[in-house]
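Below, each chain spelled out in residue letters.
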Amino acid sequence: MPFEEDRYVREVLDPARQAGGAPPVDLRRRYQLRDEMGAAEVTETVRQVRQCWRRSRQKLKFRKVIDALEADHTERYTSIFQAAADGELGPLHAEFERSAERDRERLADVRRRLDDAAGKLRLLTPDVVAGIAKSAGLGAPDAAGLTAELGIEVREPDQLPQSPPYAAYPKLRAALDTLDQRHLAGFVGLRSGIRVMGEIPGILDRVAKLEEETQRKTRGPWTVSAEAVFAGLRNTPDPAALLRYDMAARLRERVREHPYDDTLMRHATDDLGLDPDDAKRLIFAIRQESGVPGGPAGRLRELVDAGQIQAAADFVDALQAEALTAEAAELATEVRARLAKAVSLRDGARTEADPDQAWMMLEDALRRAPDLLGVEDLLAGLPPKPPGEARARLQGDVVAIVWQPSPSRAGDIDYEVYRNGVPFAEVTRPNASDERPSVNTPVIYSVAARRRQATSAPVACAPLTFRPEAQELRLTAVDGVVAGQWRMPAEALRVVVKRDGRPIPVEGSGFRDRDVRDGTTYDYLIATVYPDGRGEVTTPGLRRAVTPQAKPVPVADFTVESGPGGRGELLIRCSEPPSGVLEFVLLTAEPRWPYGADIPVEEVRAAGRVLPAAPTRDGYVLRSAQVSGVLLAVTVVGDSATVGAHREHVNLTAPRQVSAVRRGTTVHVGLEWPKDVPEIEVQWGDRRLVVSSAAYRSQGGIRLDIPEGEAPKIQLAPTTVLKGTRIRGPAVLAPLSAVVPIRYDIRTEGAFWRRELVVNLTAEQPAHVSRLVLVIKPGRIQPGSADDGRVLGEWSDISPPARLAVALPRQPKPYWVRCFAEGPVELIDPPVRVLKMG
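Residues numbered from 1 in each chain as written. Predicted model: local features only at pLDDT ≥ 70, side-chain atom pairs only at ≥ 80, totals over all residues. Heavy atoms only, no water.

Caption draft 1: Just the overall build of the protein, in detail. Along the backbone of the protein there are 22 helices and 45 strands. Relative to the 2.2 N^0.38 estimate, which gives 28 Å for 838 residues, the radius of gyration of the protein is 50 Å and therefore markedly larger than a compact globule would have. Scored against the burial criterion, the 838 residues of the protein give a buried share of 44%. For the protein, long-range pairs separated by at least 24 residues make up 63% of all intrachain contacts whose partners lie at least 6 apart in sequence. Accessible surface computed for the protein: about 44200 Å², of which carbon and sulfur atoms make up 49%. (Helix = DSSP H or I, 4+ residues; strand = E, 2+ residues; numbered from the N terminus. Rg over C-alpha atoms; globule rule 2.2 N^0.38 Å. Buried < 20%, exposed > 50% of the residue type's maximum accessible area, 1.4 Å probe, protein only. Contact = heavy atoms within 4.5 Å. Areas by Shrake-Rupley, 256 points an atom, 1.4 Å probe, with all protein chains shown as cover.)

What follows is the structure, encoded as structure tokens:
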């Protein structure tokens, strides 16, 4: 079904406007799409729908809806329709289902809100239904269907009298209380199923008969109260109205207690004896008495809020003068003033010479009275000023059209672009492009500014003829031969080739030039020849500079080592090829090309990932090599690559947070075990040790026997066995320095009035202590560092053997004394019985 703009406005935009500006949720309805549409049909329909949006936005009443539609399209659906334009309809169909689900959720929410609002009475006013529907973007017909489905009656509340129709009603009420009557209807003999909403058949006969019976009774308090009631019924023009007011007054008293609807219904039907239908109507009317005011003021306010100023003025003219009081009078004055000003602006726009000024006057008139007649026709006859200078130029295979915007600033201006007088694009910005220009045919592009339906005179560009160059041009230069290939454009006669100004023979869609030397750069011009009706025209052509190179030599072998930077790099050592550029490609499997094969470089690069290689004096350093695969060396010359040697590479992560701590002649090595590494090889001096992850965890680290006087370099490298060969990853260094063991002893010497603590230091080889600290700590726990206690003595630059003494402290026992040293030494503590005092 072709897109019909009038039907779209009628079925989509108008209902959305009436629903408060909320666009439809279902994409099928929003974009007029069907599930069976193809990609091209979807793209064209969406384009026509968006053009309808731009045209409809010129109307003030649709502006809010269109703004919401455009914002939603840009934010959520642009990528989906772009995929549909590319032939991928899966995302669009998935969005169909999601939007349909959102629509079902919206309807379920409206149903729930309507059901809650109706309550036990199952009654709602039209304005409440319209408000719920409008907040959910639902039209009036759909809302009516939902209320009918839920069994809800939509009606205006009955207008109940606010003042009693009988002035002495309080005395009548007191008389009924004296007579012990529930209400006035019970006094006249109505006991159950009482209907007071309307005429009460036989009410006058009942009152007359009851009055005759009362007159035959002996006069007393009962008859006096009864006569007061009869007096009220006789002096009321409509006794039914008095019964209705009495019943409403009693229900109002109960409503002030804020009971639930079912409690009120039970009171009205069981206690007051009302008919259930009349009880519902009475309760509903009393509940609504504090809501929206009715009467002329309510209707006028409704029309003004809806923007129907003309209709409100007609309503004011139809009212009686006495109806225009208080708020209604104020609203009537406002309506007349707004309409008068809008009419004045409309009439002034008819004679205004400047179209832009006339447009602004009409827009002002619409803001004051959106339903003012005749404005739309006037707007349709006010075209904007034409755009400024327009230019069309080729950018590759696309024609770019640019122009100066229209100087008009009134209204929303968009532009129509024509190709040889036929529209082909509608845009809002001063530029457009023709991605499929005609080949070898003169074309005149022109642009016209448009405001709503009014279009300015078009502004034309200079004639332009699109003659594309040769397509998919590729030149290769290898070992004394330059070859070229291309695809000839449509409408072209032939392609001509020149090398440094000399013609080169062309064979079909390519050429082969053998009259070249390796290492020399040549400039080739490839131009296309077209017929122009009077002869031939040659394009400027495409220039390419190529340098033939000798046939590349493949790399026979290479080695892979850990890079010197220690950052996961690889060092490749190999012989430098005499010509070409060496590249290393990481493949996922063995290469499919034989050694020495010459293949296009794009094919090699497409098969794997080229690793960035930096040449150094030691070889090539590969960065970003922290992956496993097959490393292939290729020699690249121009567009050709020669396949060299390959080697399987397994990425082994180096250990981190490596530490080495001496414990006498044993060195404890700790590290953070790398993921997916089965073993680590430890090398120190000329010794090696392979440790598995299980052994590392079971032993709590790695223990090496290294004499205290040695300080070898400890290297740790991840390792594994691949196809019978042990391979190693990058190594890290564990820092370790040589230390000299120093022993010390502490004892007490001297007379009892001058006791001293004496520290004797001894070493088996020359040593130097930078700083020695003697610490005392009270309690039963020995100090763990020089800061864990009170310092008794401190000495610097000591060479064992040495004797050091301090005064014996006056410290209650028990306490500990201990020495701590700084420098390339290891201090060996004496037995605990020497360190602990008491």
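Caption draft 2: A look at helix H7 (residues 140-149). Along H7, the residues classified as buried are Ala143, Leu146 and Thr147. For H7, the angular spread of the buried residues around the axis is 100°, confining them to a single face. Exposed residues on H7 whose side chains face more than 90 degrees from its buried face are Pro141, Ala148 and Glu149. A positive phi of about 70° marks glycine 151, the residue just after H7. (Arc of directions from axis to C-beta.)

Caption draft 3: Representation of the pattern of salt bridges. Following the criterion strictly, the structure yields 51 salt bridges and no others. Glutamate 749 serves as the salt-bridge partner of arginine 803, at 2.5 Å between the closest nitrogen and oxygen. Placement of arginine 803 in strand S42 (residues 802-807) and of glutamate 749 in strand S38 (residues 740-749) is noted, with a sequence separation of 54 residues between them. Its relative accessible area of 22% is what places glutamate 749 among the partly exposed residues. In this structure, arginine 818 and aspartate 829 form a salt bridge, with 2.6 Å as the shortest nitrogen-oxygen distance. Placement of the pair is arginine 818 in strand S43 (residues 815-822) and aspartate 829 in the loop between strand S44 (825-828) and helix H22 (832-835), with a sequence separation of eleven residues. A relative accessible area of 31% means that aspartate 829 is categorised as partly exposed. Each of the salt bridges in this network shares a partner with another, and the network as a whole consists of Glu5, Arg55, Asp414, Glu416, Glu426 and Arg450. (Salt bridge = Lys/Arg side-chain N within 4 Å of Asp/Glu carboxyl O.)

Caption draft 4: Region of the structure containing the packing of aromatic side chains. Throughout the structure, instances matching the rule amount to 13 aromatic pairs. Here the aromatic rings of tryptophan 673 and tyrosine 696 are separated by 5.3 Å at their centres, their planes lie at 45°, and the arrangement is tilted. Taken together, the positions of tryptophan 673 in the loop between strand S31 (666-672) and strand S32 (679-684) and tyrosine 696 in helix H21 (residues 693-699) put the pair 23 residues apart, joining distant regions of the chain. Exposure class is identical for tryptophan 673 and tyrosine 696. Each is buried. (Phe/Tyr/Trp six-rings, centres within 6.5 Å; stacked < 30°, edge-to-face > 60°.)

Caption draft 5: Structural context of the sheet that holds strand S13 (residues 471-478). Pairing in this open sheet of three strands is antiparallel, and the strands run S13-S14-S17 from one edge to the other. Strand pairing shows two members of the sheet lacking a second neighbour, S13 and strand S17 (510-513), which therefore form its edges. Put simply, the sheet's adjacent strands are angled 10° from each other on average, direction ignored. (Pairing = 2+ DSSP bridges. Axes fitted to C-alpha atoms, helices over the stretch in contact; angles between N-to-C directions.)

Caption draft 6: Spotlight on the confidence of the model for the protein. For the protein, the average pLDDT comes to 83, and 96% of its residues sit at 70 or higher. Predicted confidence is poor over residues 290-294, with pLDDT under 50, and the contacts of this stretch with residues over four places away or in other chains come to two contacts. (pLDDT = per-residue confidence, 0-100.)

Caption draft 7: Fine view of helix H11 (residues 221-234). Between its terminal C-alpha atoms H11 stretches 20 Å, which fits the 20 Å expected from 14 residues at 1.5 Å a residue. Taken together, the buried positions of H11 are Thr223, Ser225, Ala226, Val229, Phe230, Ala231, Gly232 and Leu233. As for H11, its buried residues are in contact with helix H8 (169-178), helix H9 (184-187), helix H10 (203-215) and helix H12 (239-255). (Expected span 1.5 Å × (residues − 1).)

Caption draft 8: Geometry of the sheet that holds strand S3 (residues 390-395). Pairing is antiparallel in the open sheet, where three strands are placed in the order S3-S4-S7. Strands with a single pairing partner mark the edges of an open sheet, and in this sheet they are S3 and strand S7 (431-434). Neighbour-to-neighbour, the strand axes of the sheet open up by a mean angle of 20°, direction not taken into account. Both strand S4 (residues 398-403) and S7 contribute to a ladder of four bridges, which runs antiparallel. Its bridge partner lying in S7, alanine 400 is registered against serine 433.

Caption draft 9: Molecular detail of the pairing of S3. The sheet contact formed by S3 and S4 spans six bridges and is antiparallel. What sits directly across from alanine 392, in S4, is isoleucine 401. With antiparallel pairing between neighbouring strands as the criterion, S3 and S4 make up a hairpin whose turn holds two residues, including glycine 396 at a positive phi of roughly 70°.

Caption draft 10: Unusual backbone geometry, seen in detail. In this structure, the amide linkage connecting proline 800 to the following residue, proline 801, adopts the cis form with an omega of 0°. Note that proline 801 resides in the loop between strand S41 (790-798) and S42. Between lysine 813 and proline 814 the backbone carries a cis peptide bond, its omega angle lying at 5°. Secondary-structure assignment places proline 814 in the loop between S42 and S43. One non-glycine residue with positive phi stands out, namely arginine 122, at about 60°. Structurally, arginine 122 can be placed in the loop between helix H5 (90-118) and strand S1 (123-124). Phi angles above zero are rare outside glycine, and glutamate 472 is one such case at about 55°. Examined against the element boundaries, glutamate 472 turns out to sit in strand S13.

Caption draft 11: Geometry of the environment of isoleucine 572. Secondary-structure assignment places isoleucine 572 in strand S22 (residues 570-574). Counting along the chain gives 487 residues from isoleucine 572 to alanine 85, while the straight-line C-alpha distance between them is 48 Å. Those residues within four positions of isoleucine 572 in sequence are excluded, and the remaining contacts are Phe558, Thr559, Val560, Phe584, Asp618, Gly619, Tyr620, Leu622 and Leu631.

Caption draft 12: Structural detail: the packing of H8 against H12. The N-to-C vectors of H8 and H12 enclose an angle of 75°; their axes lie 12 Å apart at closest approach. Between H8 and H12, the angle falls in the class roughly perpendicular. When H8 is examined against H12, the residues Tyr169, Leu172, Arg173 and Leu176 are found in contact with a partner set consisting of Leu242, Tyr245, Asp246, Ala249, Arg250 and Glu253. Taken together, the residues of the contact of H8 with H12 break down into six nonpolar, no polar and four charged. (Parallel < 35°, antiparallel > 145°, perpendicular 65-115°, else oblique. Nonpolar A, V, L, I, M, F, W, Y, C, P; charged D, E, K, R; others polar.)

Caption draft 13: A look at the packing of H10 against H11. Their axes nearest at 11 Å, the elements H10 and H11 cross at an angle of 155°. It follows that H10 is roughly antiparallel to H11 by the angle criterion. Considering how the two elements wind past one another, H10 and H11 form a crossing that is left-handed. Seen from H10, the contacting residues are Val207, Leu210, Glu211 and Thr214; seen from H11, they are Trp222, Thr223, Ala226, Phe230, Leu233 and Arg234. Here the contact of H10 with H11 is composed, by residue class, of six nonpolar, two polar and two charged. (Left-handed = near helix turned anticlockwise from the far one by under 90°.)

Caption draft 14: Fine view of the side chain of arginine 54. Along the chain, arginine 54 falls in helix H3 (residues 39-56). There is no salt bridge for the buried arginine 54, and the closest opposite charge comes from glutamate 426, which lies 4.2 Å off by N-O distance. Ignoring sequence-local partners within four residues, the contact set of arginine 54 consists of Glu70, Asp414, Glu426 and Thr428. (Lys, Arg positive; Asp, Glu negative; His and termini not counted.)

Caption draft 15: Representation of the environment of proline 578. Turning to its location among the elements, proline 578 is positioned in the loop between S22 and strand S23 (581-587). Judged by relative accessible area, which is 71%, proline 578 ranks as exposed. Sequence-wise, proline 578 and lysine 551 are 27 residues apart; in three dimensions their C-alpha atoms are separated by 9.7 Å.

Caption draft 16: Just the side chain of arginine 244, in detail. Examined against the element boundaries, arginine 244 turns out to sit in helix H12. Although arginine 244 lies buried, it forms no salt bridge, and the closest oppositely charged side chain, aspartate 238, sits 5.0 Å away as judged by the N-O distance. Apart from the residues within four sequence positions on either side, arginine 244 is in contact with Val196, Met197 and Gly198.

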